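So you can see what is in the structure, the chains are spelled out below.
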Amino acid sequence: ARARATDRRILAPFSGIVGTRRISVGALVTPGTAVATLDDISVVKLDFAVPETFLASVHSGLEIEATASAYRGAIFKGKVVSVDSRVDPLTRSVNVRALVPNEDIRLRPGMLMIVDLISAPREAMMVSEASVVPENGMQYLYVIGPDNIAGKMPSASMSTR
């Protein structure tokens, strides 16, 4: 009885999340029959293509930020682990793989994600478009100086400050 019970038990070589079953109760299972899916998604592999024009700035260890439409506003951070050795001659792009930690198990295999490569981060001061005042073909900003007096400054000179 133990031998028969052992024959009816299916064990996986790793732990993960079991998906829906692919067979009916009482069906005969033979080697190679898909019973269910099993995914270890504690870390998700994210594969994406990068145009060859950006190839010089893509390398292992490069940080990425990805978003998914299922989780609006959430940013998933990861790192590039490999860059393919060949450029696809049809699309002129190279395949890149990144690993994204997924402790809360929100990401699932097959999800569509938008990826941003963080190659040379820098800080910059930005103002909303509504605060730029057009006057006589020039663009101006009103800036508060050290003496707490507002003054009009051409927006082109802002980039040099």
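Summary of the structure given here.

Thresholds applied
- Residues numbered from 1 in each chain as written.
- Predicted model: local features only at pLDDT ≥ 70, side-chain atom pairs only at ≥ 80, totals over all residues.
- Heavy atoms only, no water.
- Helix = DSSP H or I, 4+ residues; strand = E, 2+ residues; numbered from the N terminus.
- Buried < 20%, exposed > 50% of the residue type's maximum accessible area, 1.4 Å probe, protein only.
- Polar contact = N/O pair within 3.5 Å; in protein donor to acceptor, adjacent residues only side chain to side chain.
- Pairing = 2+ DSSP bridges.
- Axes fitted to C-alpha atoms, helices over the stretch in contact; angles between N-to-C directions.
- Core = buried A, V, L, I, M, F, W, Y, C linked by side-chain atoms within 4.5 Å.
- Contact = heavy atoms within 4.5 Å.
- Salt bridge = Lys/Arg side-chain N within 4 Å of Asp/Glu carboxyl O.

Relative to the helices and strands, Asn102 is located in the loop between strand S6 (93-101) and strand S7 (113-118). Asn102 sits in the buried class, given a relative accessible area of 0%. Of the polar contacts made by the side chain of Asn102, one reaches the backbone oxygen of Ile41; its length is 2.9 Å.

Bringing unusual backbone geometry into the picture now. Look at Ile105: it is not a glycine, yet its phi comes out positive at around 55°. At Asn136, a residue that is not glycine, the phi angle is positive and equals roughly 50°. You can see Asn136 is positioned in the loop between strand S8 (133-135) and strand S9 (138-144).

Taken in spatial order, the three strands make up an open sheet running S8-S9-S10, and their pairing is antiparallel. The sheet is open, and its two edges are formed by S8 and strand S10 (150-154), each paired on a single side. Strand after strand, the sheet turns through a mean of 40° between neighbouring axes, direction not considered. Sheet topology note: the S9/S10 ladder contains five bridges and is antiparallel. If you follow Tyr140 over to S10, its bridge partner there is Pro154.

What follows deals with the pairing of strand S4 (residues 63-68). Of the two faces of S4, the one lined by Ile64, Ala66 and Ala68 is fully buried and the one lined by Glu63, Glu65 and Thr67 carries no buried residue. For S4 and strand S5 (residues 76-88), the ladder comprises four bridges, and the chain directions are antiparallel. Across the sheet, residue Ala66 finds its bridge partner in S5, namely Phe76. Judged from the six bridges that link them, S4 and S7 form a sheet pairing that is antiparallel. When the bridges of S7 are listed, Glu65 appears paired with Asp116.

So, about the nonpolar core. Side chains of nonpolar character tend, in soluble globular proteins, to be buried together. Core analysis: the biggest nonpolar cluster contains 19 residues, and Leu46, Phe48, Ile64, Phe76, Val96 and Met113 have the highest contact counts within it. For this core, the secondary structure elements donating two or more residues are strand S3 (43-51), S4, S5 and S6. Filtering out sequence-adjacent residues up to four positions away, Met113 remains in contact with Leu46, Ala66, Thr67, Ala68, Phe76 and Leu107.

Bringing the environment of Tyr142 into the picture now. Within the secondary structure layout, Tyr142 lies in strand S9. A relative accessible area of 51% places Tyr142 in the exposed class. Setting aside residues up to four positions removed in sequence, Tyr142 forms contacts with Val133, Gly151 and Lys152.

Bringing the pattern of salt bridges into the picture now. Counted under the stated rule, the structure contains five salt bridges. A salt bridge links Arg97 to Asp47; the nearest nitrogen and oxygen atoms lie 2.7 Å apart. With Arg97 in strand S6 and Asp47 in strand S3, the pair connects residues that are 50 residues apart, well separated along the chain. A residue is classified by how much of its surface remains accessible, and Arg97, at 31% relative accessible area, is partly exposed. Between Lys152 and Glu135 there is a salt bridge, with its nearest N and O atoms 2.8 Å apart.

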